Amino acid sequence: MARLFLRCVCRNKMFERTFCSENTPNDPPVFHPERVLVLSKMSRYEFEKHKQPYLSEDELRRRLAARGSNYEGLMKRHKIHTRNLESVTEALRSHGVEVKVIQKHEYTPEKVNWADVIMSAGGDGTFLMAASHILTRKKPLIGVNTDPSRSEGYLCLPKEYSGKFSHALDRLLAGKFRWRWRNRIRITLEGYQVSHIDPVDLDDLELGAHDHLGPHRDYRYQSESDDERLLHPSERTLDETETTVLPIRALNEIFIGETRASRTSYYELSVDGRRWEKQKSSGLTVCTGTGSSSWSLHINQLTYQSTREILRIVNEETNSRVSVDSDVITRVMRRYNNSLMFDASEPKMTYTVRDPIINGVFSVKNPRGFAKRITIRSRCWDACLAVDGGFSFQFNDGAMAYLEILPEDALRTVILD
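Residues numbered from 1 in each chain as written. Predicted model: local features only at pLDDT ≥ 70, side-chain atom pairs only at ≥ 80, totals over all residues. Heavy atoms only, no water.

Peer 1: Explain the overall build of the chain to me, using residue names and the numbers behind them.
Peer 2: A tally of helices and strands in the chain yields 13 helices and 19 strands. Per-residue burial over the chain gives 51% buried out of 417 residues. Counting only contacts in the chain whose residues sit at least 6 apart along the sequence, the fraction spanning at least 24 positions is 74%. Of the roughly 20,600 Å² of accessible surface on the chain, 49% is carried by carbon and sulfur atoms. (Helix = DSSP H or I, 4+ residues; strand = E, 2+ residues; numbered from the N terminus. Buried < 20%, exposed > 50% of the residue type's maximum accessible area, 1.4 Å probe, protein only. Contact = heavy atoms within 4.5 Å. Areas by Shrake-Rupley, 256 points an atom, 1.4 Å probe, with all protein chains shown as cover.)

Structure representation (C-alpha cells):
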C-alpha cells in the first residue's frame, strides 16, 4: 500500500534561483538543471516478469501465448522503450547533468526534492504519475513518449523527439521554449479519521498485491470497533472529525463513486456554493482543462450517429428542412464536442454526473457544468475518490471533499518553440 507524505517542501535553493525567481507565467525560458529525476514506466514485459518472477523466459512465452499475447511483441516494445530512455539519460549526462532513473515504487517526495527537474519516460500515464507528487509550481515536469507508435503521449514532447531527445535538450538549453502552466485540482477531505487513510495504489491492484475492495474495506473494519461503525458521522464527537489536504494534486480528473461499478453511488453535491442536491448515479467525474480532452470528453461527446438522429428529429418536430448530409452532421458534432474542452491554464473545472437517476425522488438539475469550487458529501458505503487513475482514497458515508483550483498548485511544463 502506498504511503504519501502530507507535505512536500522544496529544499533545492539552486533550483529556485535557476528556474523561478518570480514564479509567474512570464518567467524567462531558462533551463540549466544540475540534477534530473527520470520516472520510467514499467513496460508490459517488465510488468509480466514482476508479476510472475518464477517463470523462465520460455515459460513466460508459453504463458503469454496461452492468453493470446505475443512474447516477441512485448519484448520489441520493451526494447524500444529502453532505447528511448537511454537516449534521454545519455543526452542529459553528456551535458554534465546528474541523472537518477527510477520506477513508480521508488517515486517519493524525497526523490522529488532532490531534483531540479522531473522527467517522465513513458506515456501520459507516467506523466500523470510524475505530476502527482510535485506540490510546487517551481519544479518543471517534462514528458518523453518512449513508445510513440503505441502511446498518444498528449502530455509529452512531440513524438519527433522520442528517439532524439538530444535535439529537444539543445532547444531547452538554448531557451527556445515557453513555460506551459497546467492547473490542477486540490482535494481537501473532512470527516472521521481522514488523516489516517492511506491511498490505494491502483497499479498495485494490477500486480496482484490485493483485490480492489480489500484496501478500503480493511481500513474501515480493522480501525473501528463494531459500536463505532454503527455510529452515524453526526453522532461522533467533533474531536474525531478531521480535515486534511491530500498529498497529491489531480492533473486530469477525479472520480468519486462506489468501488463496484454495478452499485449506485449516492452523494450530495454543491457547486460554487449553491444549494445541496442529493443525487444517485454511476458516480461523478471532475476534470481540469488538461483532462477535458480525455475521459470527460468521451463521457459527454456526441457521436456521428446521435447527431444524425437529433437533426432528423428536429426536422420532424419543427417541420424544418435542416440538411442532414454528412458534412452538416460532422460540423455540428465537432462544434458540440469542441465546446466540452477548455485550455489547461483556465482556473476552472468541469463536472459530469454519470448516468444520473431521475425519478419522482431524485433529480439532477445540471448533469454537466463548469465550476470553480465543488463540495461533495458521501452517502456511499464502499466508495472511493480516485485521482488520475493512479491513487484511490476511501470516501464513505459522511466524508466530505472540497475540490478547488488554486494558482499555487499549477504544474510547470514546457512547449518547444
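Still more to cover.
Peer 1: Could you give me a rundown of the sheet that holds strand β16 (residues 383-387), with the residues and numbers involved?
Peer 2: Read across the sheet, seven strands follow the order β7-β17-β16-β9-β12-β13-β14 without closing on themselves; strand pairing throughout is antiparallel. In the strand order of this sheet, the two ends are held by β7 (200-201) and β14 (368-371), each with one partner. For β7 and strand β17 (residues 391-394), the ladder comprises two bridges, and the chain directions are antiparallel. Counterpart to V200 in the pairing with β17 is S392. (Pairing = 2+ DSSP bridges.)

Peer 1: Before we move on, could you go through the pairing of strand β9 (residues 253-258) and cite the residues and values that matter?
Peer 2: The element β9 is extensively covered by neighbouring structure, given that six of its six residues are classed as buried. Examined bridge by bridge, β9 and strand β12 (residues 284-287) share four bridges and lie antiparallel to one another. Paired with E253 across the bridge in β12 is C287. As paired elements, β9 and β16 share five bridges and run antiparallel to each other. Its bridge partner being in β16, I256 is matched across the sheet by L385.

Peer 1: Just give me the short version of the sheet that holds strand β6 (residues 186-192), but keep the residues and values in it.
Peer 2: One open sheet holds the six strands; their spatial order is β8-β6-β18-β15-β10-β11, and the pairing between them is antiparallel. Of all the strands in the sheet, the pair left with one neighbour each is β8 (241-245) and β11 (277-281). Across the sheet, the mean angle from the axis of one strand to that of its neighbour is 25°, orientation sign disregarded. (Axes fitted to C-alpha atoms, helices over the stretch in contact; angles between N-to-C directions.)

Peer 1: Can you explain the packing of aromatic side chains? Please cite residues and give values.
Peer 2: Taken as a whole and assessed by the stated rule, the structure comprises six aromatic pairs. Consider the rings of F255 and W295, whose centres lie 5.8 Å apart with planes at 35°: the pair is tilted. One end of the pair, F255, is in strand β9; the other, W295, is in helix α11 (residues 295-300), and 40 residues separate them in sequence. We classify F255 as buried; its relative accessible area is 14%. On the accessibility criterion, W295 (30% relative accessible area) is partly exposed. Site record: aromatic cluster; members linked through ring pairs are F31, F177 and W179. The positively charged end of K104 is found above the aromatic ring belonging to F391, 5.3 Å away from the centroid. In this structure, R377 packs its charged tip against the face of W276, placed 4.4 Å from the ring centre. (Phe/Tyr/Trp six-rings, centres within 6.5 Å; stacked < 30°, edge-to-face > 60°. Lys NZ or Arg CZ within 6 Å of the ring centre and 35° of its normal.)

Peer 1: Give a detailed account of the environment of E106, specifying residues and quantitative values.
Peer 2: Of note, E106 is situated in the loop between β2 (98-102) and α5 (109-114). Sequence-wise, E106 and L39 are 67 residues apart; in three dimensions their C-alpha atoms are separated by 8.9 Å. A distance of 2.9 Å separates a polar side-chain atom of E106 from the backbone nitrogen of Q103. (Polar contact = N/O pair within 3.5 Å; in protein donor to acceptor, adjacent residues only side chain to side chain.)

Peer 1: Kindly report on the pattern of salt bridges, identifying the contributing residues and their values.
Peer 2: Taken as a whole, this structure holds 19 salt bridges when the rule is applied. Of the charged contacts, one joins D409 and R186 as a salt bridge, the two residues approaching to 2.8 Å between their closest N and O atoms. You can see D409 sitting in the loop between β18 (400-404) and β19 (411-416) and its partner R186 sitting in strand β6, a full 223 residues away along the chain. Take D409: its relative accessible area is 1%, and that puts it in the buried class. By relative accessible area, which is 18% here, R186 ends up buried. Across the pair R249 and D409 runs a salt bridge whose closest N-O atoms are separated by 3.1 Å. Taken as a pair, R249 in the loop between β8 and β9 and D409 in the loop between β18 and β19 lie far apart in primary sequence, 160 residues in all. Sharing partners across several salt bridges, the network here consists of E268, R377, R379 and D397. (Salt bridge = Lys/Arg side-chain N within 4 Å of Asp/Glu carboxyl O.)

Peer 1: Requested: an account of the nonpolar core, with residues and values cited.
Peer 2: General note: in soluble globular proteins, nonpolar side chains tend to be found buried as a group. One finds Y107, L385 and L403 to be the most contacted residues of the largest nonpolar core, which totals 47 residues. Take this core: its biggest share by element is five residues, from helix α6 (residues 124-132). Once residues lying within four places of it in the same chain are set aside, the contact partners of L385 are I187, L189, L246, I254, F255, I256, F391, S392, F393, F395 and A401. Core analysis: the second largest hydrophobic core is formed by 26 residues, F31, F165, A168 and L172 among them. (Core = buried A, V, L, I, M, F, W, Y, C linked by side-chain atoms within 4.5 Å.)

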